[in-house]
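Residue-level structural notes
Here are the chains, one letter per residue:
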Amino acid sequence: MLKLYDYELSGNCYKLRLLLSFLGVQYRSELIDFYPGNQHKSPDFRQINPLGQLPVIDDNGLVLRDAQAILVYLASKYDPSNRWYPRESPELLGQISQWLAFADAITATASAARLHDGLFYSEIDVEAARAGAHRLFRVLDEHLFFAEEEGQDWICPGEHPTIADIACFPYTVLSEEGGISRIDYPAIRRWSDRFKRIPGFVVMSGVFPAGPAATDRRQAVA
Amino acid sequence: MPELKCKDPVAVNLWYAIAPLEDVKDARVQRSVLLEQPIAYTRNDAGDVVVWAYEGRPGDAPGDRALPVKERFGYFWTTLGMPERDIFPIPEYEEEDRRNIHAASFGVNASAPRLVENFLDMGHFPFVHTDILGAEPHTEVKEYFVEVSEERDEILASNCKFWQPMAAASSSGGADVDYIYRVPHPFCSVLYKSSPLDDGRNDVIAIFIQPFNQEQVRVHMLLSLLDDNSDDTQIRLFQQTIFGQDKPILENQYPKRLPLDPRAETPIRADKSAIAYRRWLSGKGVAYGVIPPSA
């Protein structure tokens, strides 16, 4: 069975738990004592990932690291509907890759600030990390606002969410744990609520489910 | 000693856990903050933990700014003042068949008393710790007892009962769980809950809060469990999952400081222990991390 080297409070591990749940793929979590044990930096774990980072999967002997890379692999392999990562559309693949890289930048800023405040990563310049996250959220919020104007619900065009939405979701919704308020990003809030209503959505510690959507579009004001 | 920013004599004259002993193994100097006072700590050549009020000069060393140190429950503790009392006891910690595990130290952007109150609260279990410490429709907080023990100067909430789908890492299914809470220190609490594996004995979970300032803290979580089956990682991560669910709730409580005026917030019957806690803090004259009652 697919094995996920997993830590509950990691947003990057959560990305994979989300996709596996959306796709209904069975897997086994191998729990790693990321904090305070620092097990991901141990010699044993570096045999699995020399970078000493989570997440990692082992799928029948194929060992992969990096949340975004694993999203690409899992969606390509286990989504027969071809909607989470539409391999036939060069335009969509280009856009998805662009937002996967953007998700990595969210990790470098919003997740860094969260590690600083919560887990005492004191070498992080937290003010720079917060400012960087705000610049990214401004870009994401505007992008989502104009997408909504076009009748689009998701980061990339189309009726169905893609792995770009999954990659951007965790560290955006966890940003307040790093002292990054999202009060100025209403389109991000509406998108997060839509995301939480995708069938198969699961929570992690720090993320709460959304209530049901408003049935009358006129009531659905931001 | 430099002049302290914290002007609350009650808070100054308390003992505080600063770090688990397993984090102080060598002569590396580590830094932290207690009540807005920067501190540093290390293990000296004689093998003892030393703590001092840190001034940030090159080669900064304890000198006349050394602070008292006690080792208790797997952590070292210090104080900026002159405590009249020793650190409160947790007798279960010494029992030979227990697993004593440091679950984690987490930073939380909330005041220390808000954390203690959340720890005492059972009403949020089904909504915040869904399918672990509670589940709808089992939402009722049944009548429980609260007393302030005069001899020991601590709050005791007993006869607490709650239905829990998964009370501990070792649970195999839902059960009615008995809880006893102690608040033996304004910023520490100890919880006893029925052990899934040993009828008649309790698992112990304690939080020791180290205030950085009035609205930011570090919380150290100790587990003292009767569990031969789970490994340390499973036990730790179970507790971290629970605490990770509390964190956003804690950080979104306003005002950040706990209001002690009885009219400031409207309690319900389930908040009996919180009411006793607020009254107890008022009686002691605690001013740190709270909004004192208006005179």
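Counting of residues starts from 1 at the beginning of each chain's written sequence and follows it residue by residue. Just so you know, chain letters begin at A and ligand numbers begin at 1, following the order they were written in. Only residues with pLDDT of at least 70 get local features here, since the model is predicted, and only at 80 or more are side-chain atom pairs given and counted; chain-wide, interface and lining totals rely on the full set of residues. With hydrogens and water stripped out, all remaining heavy atoms of the structure feed into the side-chain values.

1. Thoughts on the overall build of chain A
As a reminder of what qualifies: Here a strand is any run of E in DSSP of at least two residues, a helix any run of H or I of at least four, and the numbering for each starts at the N terminus. Here the globule rule is a power law, 2.2 Å times the number of residues to the power 0.38, and the radius of gyration is based on C-alpha atoms.
Along the backbone of chain A there are seven helices and four strands. Along chain A, from the amino end to the carboxyl end, the secondary structure elements read β-α-β-α-β-β-α-α-α-α-α. Its C-alpha atoms give chain A a radius of gyration of 17 Å, near enough to 17 Å, the size a compact globule of 222 residues would have. Each principal axis of the C-alpha distribution contributes one length, and for chain A these read about 55 × 45 × 30 Å.

2. Observations regarding the sheet that holds strand S11 (residues 175-185) of chain B
Sheets are built from strands paired through backbone hydrogen bonds, the pairs being either parallel or antiparallel. Residues and elements named next belong to chain B. As a reminder of what qualifies: Here, strands pair whenever DSSP counts at least two bridges between them. Lines fitted to the C-alpha atoms define the axes, with helices restricted to the stretch that makes contact. Angles between their N-to-C directions range from 0 to 180 degrees. Throughout, a contact is declared for two residues whenever any of their heavy atoms are within 4.5 Å.
Sheet architecture is open: seven strands sit in the order S8-S14-S13-S12-S11-S10-S9, paired in antiparallel fashion. Each end of this open sheet is capped by a strand with a single partner; those strands are strand S8 (99-108) and strand S9 (145-149). Neighbour-to-neighbour, the strand axes of the sheet open up by a mean angle of 20 degrees, direction not taken into account. Pairing analysis gives eight bridges linking strand S10 (residues 154-164) to S11, with the strands arranged antiparallel. Directly across from Ala157, in S11, lies its bridge partner Tyr181. Set on the sheet, helix H2 (residues 112-120) makes contact with S8, S11, strand S12 (188-194), strand S13 (202-211) and strand S14 (217-225); between it and S13 the angle comes to about 165 degrees. Contacting S8, S13 and S14, helix H4 (residues 232-251) runs over the sheet at an angle of about 30 degrees to S8.

3. Some thoughts on the layout of surface pockets
Going by this rule: In the cavity and pocket records, a cavity denotes points on a 1 Å grid over the protein atoms alone where a 1.4 Å probe fits but cannot get out, a pocket denotes an open set with protein on both sides within 12 Å along at least 5 of 7 lines, and lining residues are residues with an atom within 4 Å of a point. Grid points are joined across faces, edges and corners, and a volume is the space filled by probe spheres set on the points.
Quantified by volume, the largest pocket comes out at close to 1,200 Å³. The wall of the largest pocket is formed by 38 residues, among which Leu119, Phe120, Tyr121 and Ser122 of chain A together with Arg218 of chain B lie closest to the centre. Elements supplying a minimum of two residues to the lining of the largest pocket: helix H4 (90-119) and helix H5 (126-149) of chain A together with strand S1 (16-20), strand S2 (30-34), S8 and S14 of chain B.

4. A word on the state of the cysteines
Residues and elements named next belong to chain B. Using the following cut-off: Cysteine sulfur atoms are paired as a disulfide whenever they come within 2.5 Å of each other. When a residue's accessible area, from a 1.4 Å probe over protein chains only, is under 20% of the maximum for its type it is buried; when over 50% it is exposed; and in between it is partly exposed.
Scanning the entire structure with this criterion turns up zero disulfides over all chains. Here Cys160 is not cross-linked by a disulfide; its sulfur's nearest cysteine counterpart is in Cys188, at 19 Å. Owing to a relative accessible area of 0%, Cys160 belongs among the buried residues under this scheme.

5. Quick look at the pairing of S8 of chain B
Residues and elements named next belong to chain B. Buried residues dominate S8, accounting for eight of its ten residues. Two elements, S8 and S14, share nine bridges in a ladder whose sense is antiparallel. Bridge pairing in S14 links Arg99 to Leu225.

6. A closer look at the environment of Gly244 of chain B
Inspection of the secondary structure assignment puts Gly244 of chain B in helix H4. Separated by 158 residues in the primary sequence, Gly244 of chain B and Asp86 of chain B have C-alpha atoms spaced 31 Å apart. Setting aside anything within four residues of it in sequence, one finds Gly244 of chain B in contact with Leu9, Glu177, Ser205 and Gly206 of chain A.

7. Quick word on the packing of H2 of chain B against H4 of chain B
Residue and element names in this part refer to chain B. For the record, the criterion: To sort the angles, those under 35 degrees are grouped as roughly parallel, those over 145 as roughly antiparallel, those from 65 to 115 as roughly perpendicular, and the leftovers as oblique. Two helices cross in a left-handed way if the nearer one is turned anticlockwise from the farther one by less than a right angle. They cross in a right-handed way if the turn is clockwise. We call Asp, Glu, Lys and Arg charged. Ala, Val, Leu, Ile, Met, Phe, Trp, Tyr, Cys and Pro are nonpolar, and the rest, Gly among them, are polar.
The N-to-C vectors of H2 and H4 enclose an angle of 130 degrees; their axes lie 11 Å apart at closest approach. The pairing of H2 with H4 is recorded here as oblique in orientation. The chirality of how H2 crosses H4 is right-handed. Between H2, through Arg114, Leu115 and Asn118, and H4, the contact on the second element is made entirely by Phe243, Asp246 and Leu250. Per-class residue counts for the contact of H2 with H4 are three nonpolar, one polar and two charged.

Purely spatial values, then, with no claim about function.
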